[in-house]
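Understanding the architecture of this molecule
The residues making up each chain are set out below.
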Amino acid sequence: MTEISGKTEAFVAAAPVTEITLATRAIAVVAVVGLISGIIAATCGGYWLSNFTQAYCMVLTLLGCALLYGQLGLVSLCQWALVGVGGWVSLRVYHSFHPPFVFTVLAGGLGASVIGMIWGLPALRMRGLYLALVTLMLASAFQTLVVVTSFPVGGPGFLGQVGASGNARVMMARPAFAASDTAYFVFVALITLLGIFLVEAHRRTKPGRAWALIRKDEHMAIAAGVRVVFYKAWAFAVAGFLAGVAGALMAGLFGQLDASAFAPTDSIIVFIGTLLGGYDSWLGSLLGGILTRFVPALLIDFNVNTYLGFMFFGLALLMALRDPLGIGGRLTLLAVRLWVKYEGRRRG
Amino acid sequence: MISIDTLTVRFGGIRALDGLDAQLTAPICGLIGPNGAGKTTLVNVLSGFVRPYSGAVALNGVALSGLSPRRRVGLGLRRTFQQELVVDELTAVENVQAIADHVSATRQSGRREVTVALDFVGLGERRDVLGRQLNLYERRMVEIAKTLIGRPKVILMDEPGAGLNESETDRLRRLLAEIPQAFDTQLVLIDHDAELIASVCIDTLVLDFGKRLALGPTRAVLDDPAVRRAYLGRE
Ligand SMILES: Nc1ncnc2c1ncn2[C@@H]1O[C@H](COP(=O)(O)OP(=O)(O)OP(=O)(O)O)[C@@H](O)[C@H]1O
Ligand SMILES: [Mg+2]
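Residues numbered from 1 in each chain as written. Chains lettered and ligands numbered in written order. Predicted model: local features only at pLDDT ≥ 70, side-chain atom pairs only at ≥ 80, totals over all residues. Heavy atoms only, no water.

**Some details on the overall build of chain A**
The helix and strand inventory of chain A stands at 14 helices and zero strands. Mapped in sequence order, the helices and strands of chain A form the string α-α-α-α-α-α-α-α-α-α-α-α-α-α. At 20 Å, chain A has a C-alpha radius of gyration in line with the 20 Å of a compact globule built from 348 residues. The 348 residues of chain A split such that 54% are buried. Taken as a whole, chain A presents about 15,200 Å² of accessible surface, with 71% of it coming from carbon and sulfur. Taking the 23 positively charged and 13 negatively charged side chains of chain A as two groups, their mean positions are separated by 6 Å. (Helix = DSSP H or I, 4+ residues; strand = E, 2+ residues; numbered from the N terminus. Rg over C-alpha atoms; globule rule 2.2 N^0.38 Å. Buried < 20%, exposed > 50% of the residue type's maximum accessible area, 1.4 Å probe, protein only. Areas by Shrake-Rupley, 256 points an atom, 1.4 Å probe, with all protein chains shown as cover. Lys, Arg positive; Asp, Glu negative; His and termini not counted. Charge placed at Lys NZ, Arg CZ, Asp CG, Glu CD.)

Structure (structure tokens):
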């Protein structure tokens, strides 16, 4: 697996990883996400709060993308389209049944998880550039479809459009407990935290070990009794689920979704963000997700030409290619070293 | 017991195995032959990765033909690969646990088996060391431990001693000799080291150009003039 061999080299330096207990790691996750979210919730409102809420949806999407790339070396360029799928399903379910918000979110996650698994089928046969191209075409196909049909807005029929029927557009309501912008942001931050735990739990248990065998050598994995097809599909299901949840949360943020927000380029940006942040640590997805949303928002805020945004992603890609650990991986390495030093000194 | 019945494997024009007939009954069997003789191909056929052109193989009387590799694992077949395949990012214990996840009866019995296997190969103390920090000998030991999980019936080892030095080979030899008794299993051992084969294998099958050159008690086989001419003579 040529794509991720560079990482192995870089991680040789990170020797004492196993000395840190699971509890310490869990506390670190809660502390970092809590701190960043707390600062955002306390200082931001309006435009910036909305952008950070979207950034967390990006984080959820990156978590899935990083799982596919880091655990199996699979390049999926349709993850933002799956956010659209999740958004579509959650809006459809919302307008049909008005279930409690959490169910709406779950429905979006499950819907995108099933579609993600189907879109992942080519990965049973191909990898690398070919898989990247096929998934990118799927993302384009989704965009074409959604531009034609639009997202449901509470109208009649399966597509839920208002148009000729003359019905009024209906917005998806936020849950009562997270009606304000700030409360909704905190809610999304909590879901993001759960998303991180979901991925970490996978990486450290049976599925993570199975993925490690598959990544090392598929024949060896088969000879070890691993159901290779199942575990590959499961990775796509988890990644799709996270994207779908993100889509439902986006729908809840705006009350509706616009087809123009789901271009294939956005799926490419998800992948660049994954590389930039680093695909082997939750911190990478967190920072990568926030950055890929924050920098363009900043450029818009400064009234800078949007093409500069694309230049930013070009630069980010160059940086990411130079350092397979990514920003998150570098920081994790640094934190681990400091922690080991501190512990060593404390114990004498 | 492994039964091989007029087995032929073709890769294009090459006959990697050519009408091979053999019954491997001894608790430890050697499988030797010059480079390209078909040893790995035989292991691939037994484990289900290569489909034979004709002929059949059976494990303890159960016909294996047509079964998926995973089904064969379920029947108790284990194998190693010619190159070692320890995952760098997993610890020694995780590398072995990754097998137990899929072949052990219960989670509890799996954990027990992993501990027993790691202790058996002498890695009990090194269980939490990452794969990338294990030396070649330790990596080979992880590979052996992986085959001992889930009540194996037959273990096929493709050159487990490749790259080891003399004292390490010595340790390996003692370890291999104990496996059939300790784990109630049959062991088939491929190696180019005739000394290793001679000291642990009761019977030995010699392949040359995909054909059976000799099969029988190891000493007699190694002394067979035909074997000396075809195989040992070339060294
Ligand atoms: N997948 C394959 N495709 C084509 N030819 C193959 C394949 N696998 C093996 N062969 C050929 O079949 C013959 C037997 O190869 P095999 O690997 O079984 O030999 P071996 O006895 O294991 O040799 P070595 O001691 O070098 O490991 C060789 O001529 C080899 O080139
Ligand atoms: Mg071989």
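**Some remarks on the overall build of chain B**
If you tally the helices and strands in chain B, you get nine helices and 10 strands. Computed over its C-alpha atoms, the radius of gyration of chain B comes to 17 Å, within 12% of the 18 Å expected for a compact globule of 235 residues. When the backbone C-alpha atoms are referred to their principal axes, chain B occupies close to 50 × 40 × 30 Å. Going through the 235 residues of chain B one by one, you find that 58% of them count as buried. In chain B, of all internal contacts separated by at least 6 residues, the share reaching a separation of at least 24 is 68%. Per element, the accessible surface of chain B, about 10,200 Å² overall, is 48% carbon and sulfur. Across chain B, the centroid of the 29 positively charged side chains sits 7 Å from that of the 29 negatively charged ones. (Contact = heavy atoms within 4.5 Å.)

**Topic: the packing of aromatic side chains**
Residues and elements named next belong to chain A. Inspection of every chain in the model, using the stated rule, returns 21 aromatic pairs over all chains. For the ring pair Phe-52 and Phe-294, a centre distance of 5.8 Å and an interplane angle of 20 degrees mean the geometry is stacked. Of this pair, Phe-52 sits in helix α3 (residues 46–72) while Phe-294 sits in helix α12 (residues 282–301), and the two are 242 residues apart along the sequence. Phe-52 sits in the buried class, given a relative accessible area of 10%. On the numbers, 6.2 Å between centres and 10 degrees between planes, the contact of Phe-230 with Trp-234 is stacked. In this pair, Phe-230 and Trp-234 are both assigned in helix α10 (residues 228–254), four residues apart and thus about one turn of the helix distant. Chaining the aromatic ring pairs together yields one cluster made of Tyr-47, Trp-48, Phe-52 and Phe-294. A cation sits over an aromatic face here: Arg-174 above Tyr-184, 4.8 Å from the ring centre. (Phe/Tyr/Trp six-rings, centres within 6.5 Å; stacked < 30°, edge-to-face > 60°. Lys NZ or Arg CZ within 6 Å of the ring centre and 35° of its normal.)

**Section: the coordination of the magnesium ion (ligand 2)**
All names here are of chain B. Looking at the magnesium ion (ligand 2), one finds its protein donor set to be Thr-40 (OG1) and Gln-82 (OE1), positioned 1.9 to 2.4 Å from the metal centre. Of this pair, Thr-40 sits in helix α1 (residues 39–47) while Gln-82 sits in the loop between β6 (77–79) and α3 (92–103), placing them 42 residues apart in sequence. Overall, Thr-40 belongs to the partly exposed group, its relative accessible area being 25%. Given a relative accessible area of 37%, Gln-82 falls into the partly exposed group. (Donors = N, O, S within 2.8 Å, 3.2 Å for Na, K, Ca; no water.)

**A few points about the site of ligand 1**
All names here are of chain B. Near ligand 1 you find 13 residues, and of these Asn-35, Lys-39, Thr-40, Thr-41 and Gln-82 are the closest. Note that an oxygen atom of ligand 1 is positioned 2.7 Å from one of the side-chain N or O atoms of Lys-39. Between an oxygen atom of ligand 1 and a side-chain N or O atom of Thr-41, the distance comes to 2.5 Å. In the shell around ligand 1, the residues fall into four nonpolar, seven polar and two charged. (Near = heavy atom within 4 Å. Polar contact = N/O pair within 3.5 Å; in protein donor to acceptor, adjacent residues only side chain to side chain. Nonpolar A, V, L, I, M, F, W, Y, C, P; charged D, E, K, R; others polar.)

**A closer look at the interface of chain A and chain B**
At the junction of the two partners, chain A supplies 23 residues and chain B supplies 27 residues. In terms of surface lost to chain B, no three residues of chain A exceed Arg-209, Lys-216 and Ala-223 of chain A, which account for 24% of the buried area on that side. Between chain A and chain B we count two salt bridges in total. Residue Arg-209 of chain A pairs with Asp-101 of chain B through a salt bridge whose shortest N-O separation is 2.7 Å. In this assembly, chain A and chain B are joined by five residue pairs in polar contact (both at pLDDT 80 or more). (Buried area = accessible area lost by both parts, 1.4 Å probe. Salt bridge = Lys/Arg side-chain N within 4 Å of Asp/Glu carboxyl O.)

**Some points on α3 of chain A**
Residues and elements named next belong to chain A. When the terminal C-alpha atoms of α3 are compared, their 39 Å separation across 27 residues agrees well with the 39 Å that a helix rising 1.5 Å per residue should span. Of all 27 residues that make up α3, 24 are buried, and the element is covered over most of its length. Gly-73 sits one or two residues past α3 and shows a positive phi near 70 degrees. (Expected span 1.5 Å × (residues − 1).)

**Let's talk about helix α13 (residues 307–322) of chain A**
Residue and element names in this part refer to chain A. For α13, which comprises 16 residues, the first-to-last C-alpha distance of 23 Å matches the rise-based estimate of 22 Å (1.5 Å per residue) to within 8%. For α13, every residue scored as buried is listed here: Gly-309, Phe-312, Phe-313, Ala-316 and Ala-320. What you see down the axis of α13 is that its buried residues fit within an arc of 95 degrees, all on one side. Of the exposed residues in α13, the ones pointing more than 90 degrees away from its buried face are Tyr-307, Met-311, Leu-315, Leu-318, Leu-321 and Arg-322. In this structure, the buried side of α13 is in contact with α11 (264–277) and α12. (Arc of directions from axis to C-beta.)

**Section: the pairing of strand β8 (residues 186–190) of chain B**
Residue and element names in this part refer to chain B. Counting buried positions along β8 gives five out of five residues, so the element sits mostly inside the fold. Residue alternation in β8 divides its side chains into two sets, Gln-186, Val-188 and Ile-190 and Leu-187 and Leu-189, and both sets are buried. Bridge count for strand β3 (residues 28–32) against β8 is four bridges, and the pairing is parallel. Of the residues in β8, the one forming a bridge with Cys-29 is Val-188. Examined bridge by bridge, strand β7 (residues 154–158) and β8 share five bridges and lie parallel to one another. Note on β8: the bridge partner recorded for Met-157 is Leu-189. Regarding the hand of the β-α-β motif, the stretch spanning β7, helix α6 (residues 166–183) and β8 is right-handed. (Pairing = 2+ DSSP bridges. Right-handed = clockwise from strand over helix to strand, strands pointing away.)

**Details of the confidence of the model for chain B**
Residue and element names in this part refer to chain B. Chain-level pLDDT for chain B is 94 on average; 98% of the residues reach the 70-or-more range. Per-element averaging of pLDDT across chain B places helix α9 (residues 225–230) at the bottom with 85 and β8 at the top with 97. If you check the scores for this complex, the pTM reads 0.91 and the ipTM reads 0.94. (pLDDT = per-residue confidence, 0-100.)

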